[in-house]
Every structure is written in structure tokens, then in C-alpha cells.
Amino acid sequence: MSTVRLRAACPPPIAVLFSPTMNGDLFDNPATTSDETGGSDSAAYHPLLDGLNTEQRAAVTTTEGPLLVLAGAGSGKTRVITHRIAWLVQECGVEPWRILAVTFSNKAAGEMRERIERLLGGSSASLWLGTFHAIGVRLLRSFGEHVGLNRSFSIYDRDDQLRMIGRVMKAMSVSDKVFNPRAIAGYIDRAKNRCLLPDDPRLPAGGVQERKAAEVYAAYEKEMRIADAVDFGDLLMRPVQLLTKFEHLRASQAERFRYLLVDEFQDTNQAQYALLELLSSHHGNLCVVGDDDQSIYSWRGAEISNILEFPDAHANATVIKLERNYRSTRPILEASTAVVSRNRSRHGKVLWTEQAEGPPIRAHVASDDREEAEWIARTIERLSADIALDEIAVFYRTNAQSRLLEEAMRRFRLPYLVIGGHRFYERAEIKDALAYARLLVNPRDSAGWLRIVNTPRRGIGAKAVEAVNQLAQRQSCSLPEACEAIAAQGRTSGLRGVDKLQLFVALIGRLRDGLTSLRADQAGRMILEHSGLLDALREDGSLEAQGRIENLQELVTAMREHAERADNPTLVGFLEQVALVSDVDALSEKRQSVSLMTMHAAKGLEYDVTFLAGLEEGLVPHGNSAGDVAGLEEECRLLYVAMTRARKKMHLSYALARRRFGGWPEPTVPSPFLSAIPGHLLEGDGLTGRGVGTPGLAGRSGSSGGGGARHGSFGGGLRARIARLDPPVRVDDRGDGTRIEHDADGGAPGTGARVGHDGKGAAQGGDAADANSDAGRSGAISVGGQVVHVTFGRGDVLDVSGSGGLARVTVRFGRVGMKKILARFLRPA
DNA sequence: GTGTCCCAATTTTTT
DNA sequence: ATTGGGACAC
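Computed from a predicted structure; not experimentally measured.

**So, the overall build of chain A**
Here's step 1: For chain A, the count of helices and strands is 32 helices and 22 strands.
Here's step 2: Buried residues in chain A amount to 54% of all 829 residues.
Here's step 3: In chain A, 72% of the contacts between residues at least 6 apart in sequence involve partners at least 24 apart.
Here's step 4: Here chain A displays about 35100 Å² of accessible surface, and carbon together with sulfur accounts for 52% of that area.

If you want it as C-alpha cells, here you go:
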């Protein structure tokens, strides 16, 4: 260990004032070399600065006043933040509860807390550390009544939000054909990101759509108040409103939080920025860390100007640039820099590294999307001999791309983890169960009521729901309240199904009574048993229902884990976590797995080995930003973010043909961004293992010659050549030939079912083709005839609908009974 | 009120 | 390809 000893910048007088543990001799009493576990009051500032470079140290020790840290990718940003917090606590004697640290994701918050606790050698429970949204919730739970919220308010996700918008639009007789509810939800989000209330004159009202959206927004807000619910936008806007409107609250909160730290500042929106300004208004100790080159959330209202103009907005701001990259090998850094350098609107940092040369970037041109997934999985399998799987990640642009990759992972028996994408909590049965929980906690939860009033089926149909809705509109009350009112009226309500409503009201009442002081998992179990959710699934008995039951059991497990861990073990605490945490999969288990995620989700993470899949025009950059310069630049930054995640080895790939919406493969064009990468950094061949001297990504630079582009675009030249080589790649060279297809009944993976694939067969070896050609002759399948299915065996054809390979055939199999199956998975017996 | 068939939309990115 | 909604039949 080095013995460098640094004199700290002078501690803040203000901190002295408010820090009982501070004392005057702090700086005459330097490091007593207490290590990280020595949580004493000794001023161990030396270890905190050890190993940091000059700029990093400055960023850690410049505690007072506004500070902008422009931190390039891999420049030790997280390290600076965690050390800065530890510095504040240990060196400046700031009580942890006076520090507010904001991260971009819950995951980042968790990791940061862990690291801080390691540095401090103790609990950091009193430190406020979380996403803006989590902090918003905390403020609203405490002070929400000032803006008309109960303590038990619900948090609505997009689904609930759309449900409410739909209700409002119906009441207003606004056609959802003419005005897209999703677009209106987007409008409301954007308004809230800018803290614009429905009566704000600054609301956009240019066209008919916008004016109508503004109307719906106003009505929606009323409904949300009635339902005692907030959406994600509210979690930012309401706290701002709270602190703006109520001076005493602003004063007390700004007084409380002495030190504010914000990570990923380039991705803050107006509401978040406003919140920061309000909270730092007392002392101005606002430290923001970010990188304009990594701004990728403008679609969520992020304003890159927040970071670019920070020094202008804060006259006395200190600006520190972190430009030394510690993460990646030189080729990775060079390639990334080359890509992002094409952007015009940027601050302009020069990242450098002292890291040794690394291996070149591996490039792969796949014949189609499946082969790409296959190649990635196969490469990972090979790498897994030397590299831990949790040091490997695959990034892609859209969530839809994960499916092929997942299938490939399963085929190669590689454990994987899909980060984000909401998988578990997006499931209908889970949402149903949670809607019960929410309605129990918040008796006015309209969206929750709407979701479960007839789930499971209990004979409450559109008529009854409409009656309740009408009453709710008339009385300006929530749906559950209106429901109770009608149930109380009994027969006098004149509603035929009123007895069913009464039963439902009684059920909710019983559950709510039973709820008091139960732990989350106990409450969850009670809900599942008594709501009828489980019974309905048990009765169903199908394989699918079985899976749902297992999911619900998993939910109870998650509830138990939460109850054992969290400081609020009740249902309320659990609901909160669920509403805010997206990538629960990642939280629940950290076993050895390959990580799969979108490029957005990759922000802030790093891996030894990475794969970037689907680098094609239309995907990267995404088609929706075509023609929009700012949008294209953001897509470019997104690629930059993804590229800079790799420490040692990066793989880039694209497919020459890709299926969209499950259709046939369509030819693609390589991402124009790739042409920025200098050819000498790349290695690879599009024709794996064939020994054909056709260069892939790298080769196009030297040999394609076309267009004079040295690092040429992946234009026609290469593709034409590849197309002539046939077959380009034999995908299924593993012998067991397990290729899983979704047939009509969603055949389970892992059965080893070997069926033909439905593409053009470009990537397939011959073995798949015979199945294909057989399937093609669906003309031979007719009612009364017999067919054979690879998995289910022989069966009788009961019905045929449609024609060709896409025809749906109802078959009664000897072993498994009735199935509906696409004709192309069958051949005549 | 529920079940079934057909059609349309889905795929940016997330708290 | 899968999903959800709407139209229709029972």
C-alpha cells in the first residue's frame, strides 16, 4: 500500500455547525490507519483517497458548493461518488441522514449502498440513497397529504394509467380510435416531466390532438385524486409541487439535506432538476456527476442542457473532468471513441488509458437473426471455460430481441438472466394478485378494482361494471366506493347482478379485516387462497395454469424474502418495492449466469466480455429516430454506452436478414455507426469455421473497396458476396439438433422437440429442410385423415382452418389429447 | 355473461 | 408469433 498522505481540503464550516462528531482538531489528527472495518470516529481520510488520481481526489474532497464532475465512461465515477460519501461521513463528520444521493436505477442504488457500507464499515441505513422516484415516494408518504394524498396511495404503472385514461376518455366520449390513449399517456408523462399541471398555460396545445390530450389530462388528474393514486410522473412532479407550494416544507427539507449527490446527471429531466434545486436551495452543496456522451433518455424528458449548462446556472460551480479510463482495453476504448466522435453536439472529452493493448474487437456477420443468436451462444459456451458467466453480457436494442437469444442460451444450456424487461411482475396472474393487495391497502384504488372485480370470473360483467362506473362518475367517487354503495342498496339498486357485487364487496371486506398486521407473505397467501385466484387456476388444470400457480407461489416467496429483509415487512412495503423495482429477476438471485439486457439497461454496468447484437440500420439506430438528427445522435450515444461496458473483449454482430413480428426474414442493412470503427481494431469473419477467406466486419474495410470507405459501410459488396456462398453457416452443428419451436399450443422448451423452422431456411443445414418440405405439403392434411407430429406422435385430424403452412389444424392425439397446431408442424401419416 | 373466432397491433428505450 | 379487443353466438 502506498503511503501517500494527502492534506484534505478545508472542511466546511457549515458542516462543523451541524456535525456533533466534528471537532476542531480533525486535521491535526490525521489518518490513524483504521482500515475499512474500523468504524471509529478516527479521521481515516488517507485510505479513502489512496489509489485515486488527482482529479478523482479533487472530486471527492471538494465538498462545498456546486460541483460538476464530467466523468467519461469507465473513469471511476462510482468510485468517486462512494468515496465522496464516505469522505463526507468520515472526514467531515456529516451525519449520513444529512446526505441525499440519487442514482438512476434501483440496481445502481443497491450496489452503491453496498460499496459505501464496505467503505464505512457499517450500516448506511440512515443515508438517503435511491432513485429520484424512490425519493419522491418517500417524500410523498411523509408529506403527501398537503397535495391531497393519503399515506396509503397507490402507485400506478403504465397499465393502470391506461386503464384510467380509458375510463376518462369514455366518460368524456372521446374516441380511442381518433385519439390514441398511449399517445395521451405520453403527453401526460411529458407534461409531468416538466411539472406542468393541467391548468398550466405552458402546456402544449398546438393541434387538435394536443388540445384533446390536455383535456383528458385534466380529467385524468381528477380521477387519480379520487383513486388516491399517483403515476410515475407524479412521483417527481408532486414532490416539486409540495416543496414549491409549501415554504416550510422546502425550508425544512433543504435544511435537512446538507449534501446532495446525483449520478447520471445527463439523464435528469426538468422535474428532477427542479427537485434538486429546491432541496439544495439552502446550502448549494449540489454535486452532479455525468457524461454528456451517455445521455440516452431524452425520450423520457431528460434534458442534456441540465449538464451542459450547469456551470452557467451555478456561477460558483467547480468543474472537474475525469478523462482517464480504467475500464477498457485500448481497442475497445478507441472504437467507442471513434463512434461517438461523429456526434456534433458534445462537450468533447478525450478519454485515454494506460491499459495494455487488448485483443481486437471480434466481429461477426450472421446470415440471419437466429444464426446470430446461435453464434453468440456458441461463442459464450466456448468462452465459459475461462470466464465466469456472470462476467459476460449480451446487449441488444429492443426487448423483442431477447427471445431468440434466450432460446439459444437454453439450447446451449447456458444459465442466463434477463435484466429488466419486467418479466415476472408483468405477468397477468401476478398483476392480479398485486391488484388485490393494492385494493386492500388503498380502498379507493379504481384501477385495481377494475382489474380484479371479475378476476377470477365471478359473474360480474360489463353491465354491472358500467353501472358502478356511472355511479362513480355521478358521485365523483372511486369505483370501489361506488361498488360498495350499489351493493349496500341491494335490490333497490335495480341492478340484476347486484348480489354478485355484494359478494365481492364482502370478500374484499373480509380480506381487509384479516390483513391487519400480517406480514407481506402471510397476507399474500391469504389473498391467493380467498380471492379464488388459485382455485380458478387449479380448476383449469392446464399446463399453463400450473405454471401460473407456480408463479404465484414464487410471488409469496418474494414477499417472504421482502418481509424478512425490509424495514417495512407489511404488504404496503412490498407493494412499494414492486412498483419501483423493475429488474426483480436480478435482485432475487445472483447465480452464475450470462446477463441479457437492452443497451439502455446496460448503462452503468461493466463486464469482462460483451456482445452487441443486431447492429443494423433500423435497430441501431432504431427506425423511429430516422430523419431526426438529435434522435440519431442519441442512438449513437446509446451504442457508445453499450460499447464502453466491456473491460476486455467486445463482440459486435449483425444479421443479414432478420424476422420482424414473427414473419419471414427480411434483408437488413448494417448499422451506419459501424463504419466509424477503424478496421485495424476489428477481427472476424462472417463465415464461422468454414475457412473461407471472406473477411467479415474487418474485411470490408480493406477488400470490399467499394465506395472508397476505408472502414466502409457494410454495403452491398459484402452482402452480395456472402449470399453467393452457400450455405453460409450451418447453424445446427451440435448433433443433437435441438431446435425449439413455438407451435400452436406453445410447446414447452427443453423437450428436445425437433421440428423444422419456418424461415426461408437460409441458415439451415439440410436436416431441417426435410421437415420443412413435408410441412409444406399441408394440402395432404384433411379432416378425417391422420397426421404425425414430432413430439405428440400420430393423431386424427378433426378440423382444418386456413390454408398452407399457416393453417391451423385441430388434432386428437393418442397420448396428449386435443391440440391445435400449425399445419407446418405436421405431416400426413 | 361467457366462450369463440377473427383481426389488428405489436417492437424503441424505463422509473 | 403472440396478444388483446371486438363482434358474434350460445
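So much for the structure itself; the text now carries on.
**Focus on the state of the cysteines**
Here's step 1: Enumeration according to the criterion identifies zero disulfides in this entry.
Here's step 2: Distance from the sulfur of Cys-287, which forms no disulfide, to the nearest cysteine sulfur (Cys-92) is 13 Å.
Here's step 3: Lacking any disulfide linkage, Cys-483 is separated from the closest cysteine sulfur, that of Cys-477, by 10 Å.
Here's step 4: In this structure Cys-483 comes out as buried when scored by relative accessible area, which is 1%.

**A word on the nonpolar core**
Here's step 1: Formed by 64 residues in total, the largest nonpolar core has its most connected members in Leu-100, Ile-165, Ile-184, Tyr-220, Val-262 and Phe-265.
Here's step 2: In contact with Val-262, other than residues within four places in its own chain, are Val-102, Phe-132, Thr-268, Leu-276, Leu-286, Cys-287, Val-288 and Val-289.
Here's step 3: Formed by 52 residues, the second largest nonpolar core is a distinct cluster that contains Trp-449, Ile-452, Leu-507 and Val-556.

**Brief notes about the environment of Asp-50**
Here's step 1: If you trace the backbone, Asp-50 turns up in the loop between helix H2 (45-49) and helix H3 (54-61).
Here's step 2: Given the relative accessible area of 14%, Asp-50 is considered buried.
Here's step 3: In the structure, Asp-50 is positioned 401 residues away from Arg-451 in sequence and 56 Å away in space, judged by C-alpha atoms.

**Examining the pairing of strand E3 (residues 128-131)**
Here's step 1: Across four bridges, the pairing between strand E2 (residues 99-103) and E3 is parallel. If you follow Val-102 over to E3, its bridge partner there is Gly-130.

**Observations regarding the sheet that holds strand E13 (residues 607-612)**
Here's step 1: Spatially, seven strands are ordered E11-E12-E10-E13-E14-E9-E17 in an open sheet, and the strand pairing comes out parallel. Strands with a single pairing partner mark the edges of an open sheet, and in this sheet they are strand E11 (416-418) and strand E17 (682-684). Ignoring strand direction, the axes of neighbouring strands in this sheet form an average angle of 25°.
Here's step 2: Relative to E17, strand E9 (residues 361-366) is paired through three bridges, and the arrangement is parallel. Directly across from Ala-363, in E17, lies its bridge partner Gly-684.
Here's step 3: Together, E9, strand E10 (392-396), strand E12 (594-598), E13 and strand E14 (646-655) form the strand contacts of helix H16 (residues 369-383), whose direction differs from that of E14 by roughly 155°.

**Things to note about the packing of helix H6 (residues 132-143) against helix H10 (residues 232-245)**
Here's step 1: Here H6 crosses H10 at 55°, and the two axes come no closer than 8 Å. By the criterion of interaxial angle, the relationship of H6 to H10 is oblique. Between H6 and H10 lies a crossing whose hand is left-handed. Contacts from Phe-132, His-133, Gly-136, Val-137, Leu-139, Leu-140 and Phe-143 in H6 reach Phe-232, Asp-234, Leu-235, Leu-236, Arg-238, Pro-239 and Leu-242 in H10.
Here's step 2: The residue makeup of the contact of H6 with H10, split by class, is ten nonpolar, two polar and two charged.

**Observations regarding the packing of aromatic side chains**
Here's step 1: Counted according to the given criterion, the structure contains seven aromatic pairs.
Here's step 2: Both rings, one in Phe-265 and one in Phe-310, keep their centres 5.7 Å apart while their planes meet at 80°; by these two values the pair is edge-to-face. Residue Phe-265 is located in the loop between strand E6 (259-262) and helix H12 (270-279), and its partner Phe-310 is located in helix H14 (residues 310-313); the two are separated by 45 residues in the primary sequence.
Here's step 3: On the basis of relative accessible area, Phe-310 is assigned to the buried category, the value being 0%.
Here's step 4: Feature note: the residues Phe-104, Tyr-297 and Trp-299 constitute an aromatic cluster, connected by ring pairs.
Here's step 5: Stacked on the ring of Trp-128, the Lys or Arg Arg-138 has its end atom at 3.9 Å from the ring centre.
Here's step 6: Here the guanidinium or amino end of Arg-141 rests over the ring plane of Phe-153, the centre of that ring lying 3.8 Å away.

**Here's the deal with the sheet that holds E2**
Here's step 1: Ordered in space as E3-E2-E6-E7-E1-E8, the six strands form an open sheet in which the pairing is parallel. Every other strand in the sheet has two partners, leaving E3 and strand E8 (318-322) as the edge strands with one partner each. In this sheet, neighbouring strand axes are inclined to one another by 15° on average, regardless of whether the strands run parallel or antiparallel.
Here's step 2: Note that E6 and strand E7 (residues 286-290) share three bridges and pair parallel. Bridge pairing links Leu-260 to Leu-286 in E7.

**Concerning the pairing of E13**
Here's step 1: Along E13, six of the six residues are buried, which leaves the element largely enclosed by surrounding structure.
Here's step 2: Taken together, the four bridges between E10 and E13 define a ladder with parallel strand orientation. The residue of E13 that forms the bridge with Ile-392 is Val-609.
Here's step 3: Both E13 and E14 contribute to a ladder of five bridges, which runs parallel. Residue pairing across strands places Phe-611 opposite His-651, the latter belonging to E14.
Here's step 4: For the handedness criterion, the β-α-β arrangement of E13, helix H29 (residues 629-643) and E14 is classed as right-handed.

**What to know about helix H23 (residues 498-515)**
Here's step 1: With 18 residues, H23 extends 26 Å from end C-alpha to end C-alpha; this agrees with the ideal 26 Å at 1.5 Å per step.
Here's step 2: For H23, the complete set of buried residues consists of Val-498, Leu-501, Phe-504, Leu-507, Ile-508, Leu-511 and Leu-515.
Here's step 3: Packed against the buried residues of H23 are helix H19 (428-441), helix H20 (446-452), helix H21 (462-475), helix H22 (479-489), helix H24 (520-531) and helix H27 (571-580).
Here's step 4: At the exit of H23 stands Ser-517, carrying a positive phi of roughly 60°.

**Notes on the environment of Ser-367**
Here's step 1: Note that Ser-367 resides in the loop between E9 and H16.
Here's step 2: Given the relative accessible area of 10%, Ser-367 is considered buried.
Here's step 3: Taking the C-alpha atoms as reference, Ser-367 lies 5.5 Å from Ala-655; in sequence the two are 288 residues apart.

**What to know about the packing of helix H4 (residues 77-90) against helix H5 (residues 106-120)**
Here's step 1: Packing of H4 against H5 leaves a shortest axis separation of 9 Å and a crossing angle of 45°. Comparing the axis directions of H4 and H5 gives the class oblique. The crossing of H4 and H5 is right-handed. Between H4 and H5, the residues in contact are Thr-78, Arg-79, Ile-81, Thr-82, His-83, Ile-85, Ala-86, Val-89 and Gln-90 and Met-112, Arg-115, Ile-116, Leu-119 and Leu-120, respectively.
Here's step 2: Across the contact of H4 with H5, the residue classes tally to eight nonpolar, four polar and two charged.

Calculation rules
- Positions within a chain are numbered from 1, following the residues in the order the chain's sequence is written.
- As a convention, the first chain written is A and the first ligand written is 1, with the rest following in written order.
- Local features in this predicted model are restricted to residues whose pLDDT is 70 or higher, and side-chain atom pairs enter the listing and the counts only when it is 80 or higher, whereas totals over whole chains, interfaces and linings include all residues.
- Computation of side-chain values covers all heavy atoms of the structure but excludes hydrogens and water.
- We count a stretch as a helix when DSSP gives it H or I for four or more residues in a row; a strand needs E for two or more, and each element gets its number in order from the N terminus.
- Here's how the labels work: a residue is buried when its accessible area is under 20% of the maximum for its type, exposed when over 50%, partly exposed in between, all with a 1.4 Å probe on protein chains only.
- Whether two residues touch is decided by their heavy atoms; if any such pair falls within 4.5 Å, the residues are in contact.
- Values of accessible area rely on a 1.4 Å probe in the Shrake-Rupley scheme; residue burial ignores everything except the protein chains shown.
- Criterion for a disulfide: a pair of cysteine sulfur atoms within 2.5 Å.
- The criterion is simple. A nonpolar core is a set of buried Ala, Val, Leu, Ile, Met, Phe, Trp, Tyr and Cys residues joined through side-chain atoms within 4.5 Å.
- Two strands make a pair as long as DSSP finds a minimum of two bridges between them.
- To obtain an axis, a line is fitted to C-alpha atoms, over the contacting stretch when the element is a helix, and the angle between two such axes runs from 0 to 180 degrees between their N-to-C directions.
- Each angle receives one of four descriptions, namely roughly parallel if under 35 degrees, roughly antiparallel if over 145, roughly perpendicular if within 65 to 115, and oblique otherwise.
- In this scheme the crossing of two helices becomes right-handed for a clockwise turn of the near helix relative to the far one and left-handed for an anticlockwise turn of less than a right angle.
- Amino acid classes used here: Ala, Val, Leu, Ile, Met, Phe, Trp, Tyr, Cys and Pro are nonpolar; Asp, Glu, Lys and Arg are charged; the rest, including Gly, are polar.
- Here a pair means two rings of Phe, Tyr or Trp (six-membered ring of Trp) with centres within 6.5 Å. Their orientation is stacked below 30 degrees between planes, edge-to-face above 60, and tilted elsewhere.
- Any Lys NZ or Arg CZ that is within 6 Å of a ring centre and within 35 degrees of that ring's normal is treated as a charge sitting over the ring.
- Crossovers are marked right-handed if the path from the first strand over the helix to the second runs clockwise, as seen with the strands pointing away from the viewer.
- Helix span, as expected, comes to 1.5 Å for every residue beyond the first.

Keep in mind these numbers describe shape, not what the thing actually does.
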